[in-house]
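Analysis of the macromolecular model
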Amino acid sequence: MAERRLLVLFGSQTGTAEDTAERIGREAKRRRFQCTVEALDSYDVANLINELLVVFVCSTTGQGDPPDNMKMFWRFLFRKNLPPSSLCQLDYAVLGLGDSSYPKFNFVAKKLHKRVLQLGGTPLLPVALGDDQHDLGPDAVVDPWLLALWDKILTLYPLPSGLEIISPRECLPPKYTLHFLAEDSPLPDCDLIQPTAPRALPSEMHPFAARMVSNQRVTAESHFQDVRLIEFDITGSGIMFTAGDVVMIQPQNSPEDVQQFCQLLRLDPDRHFRLKPTEPGTSLPPLLPQPCTIRYLVTHYLDISCVPWRSFFELLSYFSTNELEREKLQEFSSAQGQEELYSYCNRPRRTTLEALWDFPHTTCAIPPEYLLDLIPRIRPRAFSIASSLLAQPDRIQILMAVVQYKTRLSKPRRGLCSTWLASLNPEQGDVRVPLWVKKGGLKFPADPDTPVIMIGPGTGVAPFRAVIQERVAQGRRGNCLFFGCRQKSKDFYCQAEWEELMTKGFLTLFTAFSRDQEEKVYVQHRIRENQQLLWELLSCRNAHIYLAG
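Residues numbered from 1 in each chain as written. Predicted model: local features only at pLDDT ≥ 70, side-chain atom pairs only at ≥ 80, totals over all residues. Heavy atoms only, no water.

Side note on the UniProt feature "domain: Flavodoxin-like" (unreviewed entry) in the chain
- This chain's UniProt record puts "domain: Flavodoxin-like" (unreviewed entry) on residues 6-150.
- What you have in residues 6-150 is 32% helix and 23% strand, and the ends, taken at the C-alpha atoms, are 12 Å apart. (UniProt positions renumbered as here; feature names shortened; annotations may be inferred. Helix = DSSP H or I, 4+ residues; strand = E, 2+ residues; numbered from the N terminus.)

A short note on the nonpolar core
- In this structure, Phe 261, Leu 297, Leu 302 and Phe 313 are the most contacted members of the largest nonpolar core, which totals 40 residues.
- Broken down by element, the residue count for this core peaks at five residues, all from helix H7 (residues 310-319).
- Leu 302 has contacts with Asn 253, Phe 261, Leu 297, Leu 371, Ile 375, Pro 376 and Ile 378, leaving out every residue within four places of it along the chain.
- With 29 residues, the next largest nonpolar core counts Leu 481, Tyr 493, Leu 507 and Phe 513 among its residues. (Core = buried A, V, L, I, M, F, W, Y, C linked by side-chain atoms within 4.5 Å. Buried < 20%, exposed > 50% of the residue type's maximum accessible area, 1.4 Å probe, protein only. Contact = heavy atoms within 4.5 Å.)

A few points about the packing of aromatic side chains
- Scanning all chains against the criterion turns up 16 aromatic pairs.
- On the basis of an interplanar angle of 40° and a centroid distance of 6.3 Å, the ring pair of Phe 33 and Trp 150 is categorised as tilted. Linking Phe 33 in the loop between helix H1 (16-30) and strand E2 (34-39) with Trp 150 in helix H4 (residues 139-156), this pair joins segments that are 117 residues apart in sequence. A single burial state applies to Phe 33 and to Trp 150, both of which are buried.
- On the basis of an interplanar angle of 25° and a centroid distance of 4.9 Å, the ring pair of Phe 332 and Tyr 344 is categorised as stacked. On the criterion of sequence distance, the pair formed by Phe 332 in helix H8 (residues 323-332) and Tyr 344 in helix H9 (residues 338-346) is long-range, its members being twelve residues apart.
- By relative accessible area, Phe 332 is classed as buried at 2%.
- These aromatic residues form a ring-pair network of at least three members: Phe 312, Phe 313, Phe 332, Tyr 344 and Phe 359.
- Lying over the aromatic face of Phe 33, Arg 4 brings its terminal NZ or CZ to 4.0 Å of the ring centre.
- When the ring centre of Phe 107 is taken as reference, the NZ or CZ atom of Lys 104 above it lies at 4.9 Å. (Phe/Tyr/Trp six-rings, centres within 6.5 Å; stacked < 30°, edge-to-face > 60°. Lys NZ or Arg CZ within 6 Å of the ring centre and 35° of its normal.)

Brief notes about the environment of Glu 3
- Along the chain, the position of Glu 3 falls in the segment before strand E1 (5-11).
- In this structure Glu 3 comes out as partly exposed when scored by relative accessible area, which is 47%.
- Other than its neighbours up to four places away in sequence, Glu 3 contacts Gln 34 and Tyr 157.

Here we look at the pairing of strand E19 (residues 479-485)
- When you tally the buried positions in E19, you get seven out of seven residues, the bulk of the element.
- Burial of the side chains of E19 extends over both faces: Asn 479, Leu 481, Phe 483 and Cys 485 are buried on one face and Cys 480, Phe 482 and Gly 484 on the other.
- Where strand E18 (residues 452-455) and E19 come together, four bridges link them in parallel fashion. Across the sheet, the residue bridging to Ile 455 is Phe 482, located in E19.
- Read from E18 through helix H14 (residues 462-473) to E19, the crossover connection turns out right-handed.
- Two elements, E19 and strand E20 (residues 507-513), share seven bridges in a ladder whose sense is parallel. Residue pairing for E20: Asn 479 is matched across the bridge by Leu 507. (Pairing = 2+ DSSP bridges. Right-handed = clockwise from strand over helix to strand, strands pointing away.)

Overview of the side chain of His 223
- Within the element layout of this structure, His 223 appears in the loop between strand E8 (208-217) and strand E9 (227-233).
- Look at His 223 and you get buried, because its relative accessible area is 7%.
- Filtering out sequence-adjacent residues up to four positions away, His 223 remains in contact with Arg 217, Arg 486, Lys 490 and Asp 491.

What to know about the domain arrangement of the chain
- What the domain assignment reports for the chain is domain 1 (5-156), domain 2 (208-253 + 380-438), domain 3 (255-374) and domain 4 (452-547).
- In this structure, domain 3 and domain 4 have C-alpha centres spaced 46 Å apart. (Domains from an automatic or database assignment.)

Details of the sheet that holds strand E10 (residues 246-249)
- On the basis of which strands lie adjacent, the open sheet formed by six strands has the order E13-E10-E17-E8-E9-E14 and antiparallel pairing. Looking along the sheet, the strands with just one partner apiece sit at the ends: strand E13 (381-384) and strand E14 (395-401). Here the average twist between neighbouring strands, direction ignored, is 40°.
- Contacts from helix H13 (residues 416-423) reach E8, E9, E10, E13, E14 and strand E17 (432-438) within the one sheet, and its direction differs from that of E14 by about 115°. (Axes fitted to C-alpha atoms, helices over the stretch in contact; angles between N-to-C directions.)

Quick look at the sheet that holds strand E7 (residues 176-180)
- Reading across the sheet, the three strands line up as E7-E11-E12 and stay open at both edges, with antiparallel pairing between neighbours. A single partner strand is all that each edge strand has here, and the edge strands are E7 and strand E12 (292-293).
- In this structure, strand E11 (residues 272-277) lies alongside E12, joined through two bridges in antiparallel fashion. Each bridged residue has a counterpart across the sheet, and for Phe 273 the counterpart in E12 is Cys 292.

A look at the UniProt feature "domain: FAD-binding FR-type" (unreviewed entry) in the chain
- Mapped onto this numbering, the UniProt entry annotates "domain: FAD-binding FR-type" (unreviewed entry) at residues 205-445.
- As annotated, residues 205-445 comprises 29% helix and 21% strand, and the C-alpha atoms at either end are separated by 32 Å.

A closer look at the environment of Ser 334
- Its place among the elements puts Ser 334 in the loop between H8 and H9.
- Judged by its relative accessible area of 19%, Ser 334 falls in the buried class.
- Put simply, Ser 334 and Asp 41 are 293 residues apart on the chain and 32 Å apart in space, counted from C-alpha to C-alpha.

Notes on the state of the cysteines
- Evaluated as defined, the whole model comprises zero disulfides.
- Left unpaired, Cys 171 is separated from the closest cysteine sulfur, that of Cys 364, by 16 Å.
- Of the residues examined, Cys 171 reaches a relative accessible area of 27% and is grouped as partly exposed. (Disulfide = S-S within 2.5 Å.)

Notes on the packing of H1 against H4
- Running from amino to carboxyl end, H1 crosses H4 at an angle of 30°, the nearest separation of the two axes being 12 Å. Our classification of the angle between H1 and H4 gives roughly parallel. Crossing of H1 against H4: the hand is right-handed. Contact residues: Thr 20, Arg 23, Ile 24, Glu 27 and Ala 28 in H1; Asp 139, Val 142, Asp 143, Leu 146 and Trp 150 in H4.
- In terms of residue class, the contact of H1 with H4 is built from five nonpolar, one polar and four charged. (Parallel < 35°, antiparallel > 145°, perpendicular 65-115°, else oblique. Left-handed = near helix turned anticlockwise from the far one by under 90°. Nonpolar A, V, L, I, M, F, W, Y, C, P; charged D, E, K, R; others polar.)

Digging into H9
- Taken as a whole, H9 has its buried residues at Gln 338, Leu 341, Tyr 344 and Cys 345. The buried residues of H9 occupy an angular sector of 120° when projected down its axis, which confines them to one face.
- Summarising the contacts, the buried residues of H9 are in contact with H4, H7, H8 and helix H10 (352-358). (Arc of directions from axis to C-beta.)

Here we look at the pairing of E10
- On E10, burial covers both faces: Val 246 and Met 248 on one face and Val 247 and Ile 249 on the other are all buried.
- Pairing geometry for E10 and E13, over four bridges, is antiparallel. Residue pairing in the sheet places Met 248 in a bridge with Ala 382 of E13.
- As paired elements, E10 and E17 share four bridges and run antiparallel to each other.

This is the structure we're talking about:
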């Protein structure tokens, strides 16, 4: 009988595709399959020719681009020299997660499906195109597609005789077990970010612990929004970047939230444990030291401030000892309960920690070994770099708005990363932030004579500050910037810097202060007023236009 092995490969940017891939993995285990769930770039793509059954789950980012954790796989798969029969023994299915308000809706999934077919694969089903814009979200497509997929797969790979599908009422074992250590065990100090060894160029798996040099508010105290110009020292990191690149920052939860979480779950934050995979072949989570404290796990790893997914409520329902709570959790994890879940969670942006507060009887019964199945890891956040190495060697600066807004919940919503960064004060000691750099989407002209027209309202001006610094350091003129904000006196970022460059003839600046007069004036008004100049730069001098919001 054919080996009942299923491989689920995902490409995920924000974690949604990863969550869906894990769901498929759980459903496979219920159907008695040996199942591995892996990011596409962690998988050795050369082995694909030996696989018999694969489900691909992938999102689409930006303008039809693959997510970061499937870029290498993507390049390999589209190599011209792959024989058309490479994947002739593969049965496969592709599930795409996208947003139909973008022109290249689910582009990656459609292209992947077509390419695997070209290479000889046999599709089990047509490609599924999950859509964020649907009232019920991607699940409106995912739920019926998965039912059809399992029907098809079980026809090809029937259950072994004497075995049945594991009932949905039965909880599957956790991915890892936690082995708590005796209080007096000798331990390494794991509550420090380890500085990157010089050999490895900083990356998500090896971030560089950069020293924060300054954290300066650049809006007036009376202004409604707190915007920071933050500088990091990257001496000795080996990090190189050019204008338009992006710095990735790994945030952490606040001590108050960590304490609340531990109290709710009745966990001792200083308890040490080791993680052991339940199944052989499962790799340990990256960036978690071994042994580790509960405090470190909750501070640096578990995303207790994210809006929880449907899978969170499903798993939580298994631990509930309270009938009312269990019924509500089961409703939230059912296909019929998705509208209500959206109103409870997504619309008001309720966090995982707040959801746990609402189910107190269930929360205090959560077994600690299920924490890593229940709560996703904290994702890094991307910021446009707002400085140039030519102007400021060994430094990275970012221009960051502190995210805070109101929903119908009484407590204001706060951005995890921006709130954490804003709270750090480098004047009170050595402050370290884990970071690395990624290529950005903005590419600036190599020809020194090509003028650059930049439209950057608000913090959208950040990448343009980097390119202006870079071009000025190279002696390039022809820099034209349209900047917009509310009031000249309150949120005109980098005003002195722009004015000095104008005086020296390096910059042409047009400003729009929308609230400084009766009639609101925005950057588009300034563009219209200066259409003659812009047309001349475009038609006669081949200028490039850049827009960042």
